[in-house]
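# Report on the structure
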Amino acid sequence: MTKEYETIINTITLPYRWALGPAWTRFFDGLKEEKIYGTRCRKCKKIFVPARSFCPDCFEDLDEWSDVSQEGTLRSWTLVKKSHYGQVRRPPYALGLIHLDGTDCDFIHFIGGIDLSDLKKVREKIKAGTRVKAVWNKEKNANIHDISYFKPLK
Amino acid sequence: MRKMAIAQFAQSAGVESKENLMDFTYRISKEVLDKAGLKRSEVGCVVIASSDIFHSGLSCANAIDWDGAGAFMVEGTRAEDSMFAFIYACMRIMSGHFDTVLVTSIVKGSENPENDTLTGFFADPFYMRPLGINETTAAAMQMREYMQRCNITEEQCAKVVVKNLGNALFNPYAHVRKRVTVDDVLNSDVVSDPLKALECAPKSEGVASILLAAEDKAKKLTDKPVWVKGFGTSMDHFNLGDRDLLNGQLKIAAGRAYKMAGIRNPKKEIDVAEICEPYAFQELLWCEKLGLCGDGEGGKLIDSGVTQMHGASPVNPSGGVLAMNPYVSRGLYRLIESAMQISGSAGGHQVDKKVKTALAHGTHGFAGQCHSLVILEG
Ligand SMILES: [Zn+2]
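Given the structure is predicted, the values throughout are model-derived calculations rather than measurements. (Residues numbered from 1 in each chain as written. Chains lettered and ligands numbered in written order. Predicted model: local features only at pLDDT ≥ 70, side-chain atom pairs only at ≥ 80, totals over all residues. Heavy atoms only, no water.)

## Regarding the nonpolar core
Phe27, Ile36, Phe107 and Phe150 of chain A together with Ile133 and Leu240 of chain B are the most contacted members of the largest nonpolar core, which totals 54 residues. Top element by residues in this core is strand β5 (residues 93-100) of chain A. It accounts for six residues. If near-sequence neighbours (up to four positions away) are discounted, Phe107 of chain A is found in contact with Phe27, Val49, Pro50, Gly96, Leu97, Ile98, Leu100, Ile144, Ile147 and Phe150 of chain A together with Tyr127 of chain B. (Core = buried A, V, L, I, M, F, W, Y, C linked by side-chain atoms within 4.5 Å. Buried < 20%, exposed > 50% of the residue type's maximum accessible area, 1.4 Å probe, protein only. Helix = DSSP H or I, 4+ residues; strand = E, 2+ residues; numbered from the N terminus. Contact = heavy atoms within 4.5 Å.)

Here it is as structure tokens:
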């Protein structure tokens, strides 16, 4: 019997070199010094974190920098259990939307410092409204992983 | 507004196709032109939807898809989302420059990496991507918030899967066709808590093609024109943390489409809705925002049974995206199902009631960043 069709397998790897721009450079340099920077809009008064160069609502320049709180309240979270190609880390790991005190948006990061192997226990431990605090990585590279994770308080 | 209608359409089934991308595109585009009795050169223009680099592994795949869609030497353009491609086609007819537009959408889900791998590339490379934000993790956080703020239960979300996969049993074009129970859904593997495997759409093959025509032309190309009455789109902020995940842009997009179509009471006036629900709970949330039930009442809606195939307001009689998820093409699949319901040609998955007005919805981006919808009428 003749084969109906064949497939070929090919993996594409391409190097890119992305500019961070001045605002994000300052934000990531801040992480190196264990500071989380936001920027405040003069018009709507909102503080955005990570810091950015313009207000997404007012479409105005943001140039008022603020060293924001490293503690906040969890708005929502997920425990990732399934693996996929190119995943950022090996499951299980938890992600959260964190409302840092005094800011006006949610900050995304890992939730950690607790046993993540049992979903039932994780669900008891972390809920919307749980207070969390940034835990810093010893080794810093001026990137988002300079924060290891946010740890539930109590 | 210049009147226009879906004159002809064709879709591939969700099973793995033996065709290569160009032949696959050709097969379905050709089927539509044959049904209409049109030569390639008689088509006014062509709009292609394909997400080239990540879904096809080709840069600027329209270079290759162009031939398959019969678009060489014809006026044409392309979009990354097929519902948008259709809306662009509408605008081309409305402009008066063209009388016919062929819209073809292409994806071979069997050939590319997993959805979570691909959708991770939607995220910016500095912040959200290195934290593992992709369509699934974003949806999981949206689902938890929805459950908490609106008292939606996991059982209610699971019921969407039971309904939609059950409907797909009657749809020969669907990819996943099986009878499942609420317990099957709740006991399926946790993907990204609270999302379970059966609540997440599969990856499917799908080439779909629609011939859109201005009024006079449409009447010549078909006995059963399906009229476009309105459309609307809206786009939310990019950063997940800047958004209210339960109050996104769908209400705004719907308001635009309803205004254009003259719809005042969507709950009463929409006979059937085809909704893009890559994650089960999203069908409930999107129904709320589309005005098919009140805010926070998505759970009650599925419990009431009205969205079942034989209910008063059927939602996703095709089986929806949970049963068939050809990523870029899923918008055209919603439109084709809506057109079939209006023309009474859906066969085993034809709803009981008479369908005059249908709603087709599309979404892409994280947790419904972007929404689009089209209102069709018989
Ligand atoms: Zn502002």
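Read on for the rest.
## Regarding helix α10 (residues 250-261) of chain B
Residue and element names in this part refer to chain B. The terminal C-alpha atoms of α10 lie 16 Å apart, and with 12 residues this matches the ideal 16 Å at 1.5 Å per residue to within 8%. For α10, every residue scored as buried is listed here: Leu250, Ala253, Ala254, Ala257, Tyr258 and Ala261. Relative to the axis of α10, the buried residues are bounded by an arc of 130° and lie together on one face. Close packing links the buried residues of α10 with β8 (226-235), α11 (266-269), α12 (280-289), β10 (357-364) and β11 (370-377). After α10 finishes, the residue Gly262 shows a positive phi value of roughly 70°. (Expected span 1.5 Å × (residues − 1). Arc of directions from axis to C-beta.)

## With respect to the confidence of the model for chain B
Caution is warranted with low-pLDDT regions, since their predicted coordinates should not be read in detail. On average, residues of chain B score 93 in pLDDT, and 96% of them reach the 70 mark or higher. Interface confidence in the predicted complex, given as ipTM, is 0.96; pTM for the same model is 0.96. (pLDDT = per-residue confidence, 0-100.)

## Here's the deal with the pairing of β11 of chain B
Residue and element names in this part refer to chain B. Across the eight residues of β11, eight count as buried, placing the element largely inside the fold. Alternating residues of β11 divide into Cys370, Ser372, Val374 and Leu376 and His371, Leu373, Ile375 and Glu377, and every residue in both groups is buried. Pairing of β8 with β11, which is carried by eight bridges, proceeds in the antiparallel orientation. Considered in β11, the bridge of Gly230 is made with Ile375. The pairing of β10 with β11 spans eight bridges and is classified as antiparallel. Bridging across to β11, His364 finds its partner in Cys370. Remark: five residues form the turn of the hairpin made by β10 and β11, two consecutive strands paired antiparallel; Gly365 in that turn has positive phi of roughly 90°. (Pairing = 2+ DSSP bridges.)

## Here's the deal with empty space enclosed by the protein
Using a probe with the size of a water molecule, rolled over the atoms, empty space left in the structure can be pinpointed. Residue and element names in this part refer to chain B. If you walk through the whole model with that rule in mind, you get five cavities of 30 Å³ or more. Quantified by volume, the largest cavity comes out at close to 80 Å³. Around the largest cavity, the lining residues are Gln11, Asn171, Tyr173, Ala174, Ser318, Gly320, Met324, Tyr333, Arg334 and Glu337. The element contributing the most residues to the lining of the largest cavity is helix α15 (residues 330-343), with three residues. Considered class by class, the residues forming the lining of the largest cavity number four nonpolar, four polar and two charged. (1 Å grid on protein atoms, 1.4 Å probe; cavity = no way out; pocket = protein on both sides within 12 Å on 5 of 7 lines; lining within 4 Å. Points joined across faces, edges and corners; volume = space filled by probe spheres on them. Nonpolar A, V, L, I, M, F, W, Y, C, P; charged D, E, K, R; others polar.)

## Quick notes on the side chain of Asn112 of chain B
Residues and elements named next belong to chain B. By the secondary structure assignment, Asn112 is in the loop between β4 (100-108) and α5 (115-119). Among the polar contacts made by the side chain of Asn112, one reaches the side chain of Lys203 at a distance of 2.3 Å. If sequence neighbours within four positions are ignored, Asn112 has contacts with Phe54, His55, Val107, Leu118 and Lys203. (Polar contact = N/O pair within 3.5 Å; in protein donor to acceptor, adjacent residues only side chain to side chain.)

## Side note on the coordination of the zinc ion
Six octahedral donors around a metal ideally make angles of 90 or 180 degrees; four tetrahedral donors ideally make 109.5 degrees. All names here are of chain A. The coordination sphere of the zinc ion, as far as protein atoms go, consists of Cys41 (SG), Cys44 (SG), Cys55 (SG) and Cys58 (SG), spread over 2.3 Å. Every donor counted, the four donor atoms about the zinc ion form angles of 103 to 114° at the centre, which fits tetrahedral coordination. One chain supplies every donor to the zinc ion, and in sequence these donors are spaced C-x2-C-x10-C-x2-C. According to the relative accessible area criterion, Cys55 is buried, its value standing at 0%. Judged by relative accessible area, Cys58 falls into the partly exposed class, the value being 22%. (Donors = N, O, S within 2.8 Å, 3.2 Å for Na, K, Ca; no water. Tetrahedral: all angles 85-135°; square planar, octahedral: opposite > 155°, others 65-115°.)

## Comments concerning the pattern of salt bridges
Where charged atoms from two side chains of opposite charge come close, those side chains can pair. Residue and element names in this part refer to chain B. Scanning the entire structure with this criterion turns up 37 salt bridges over all chains. In this structure, Lys196 and Glu199 form a salt bridge, with 3.5 Å as the shortest nitrogen-oxygen distance. According to the relative accessible area criterion, Lys196 is buried, its value standing at 4%. (Salt bridge = Lys/Arg side-chain N within 4 Å of Asp/Glu carboxyl O.)

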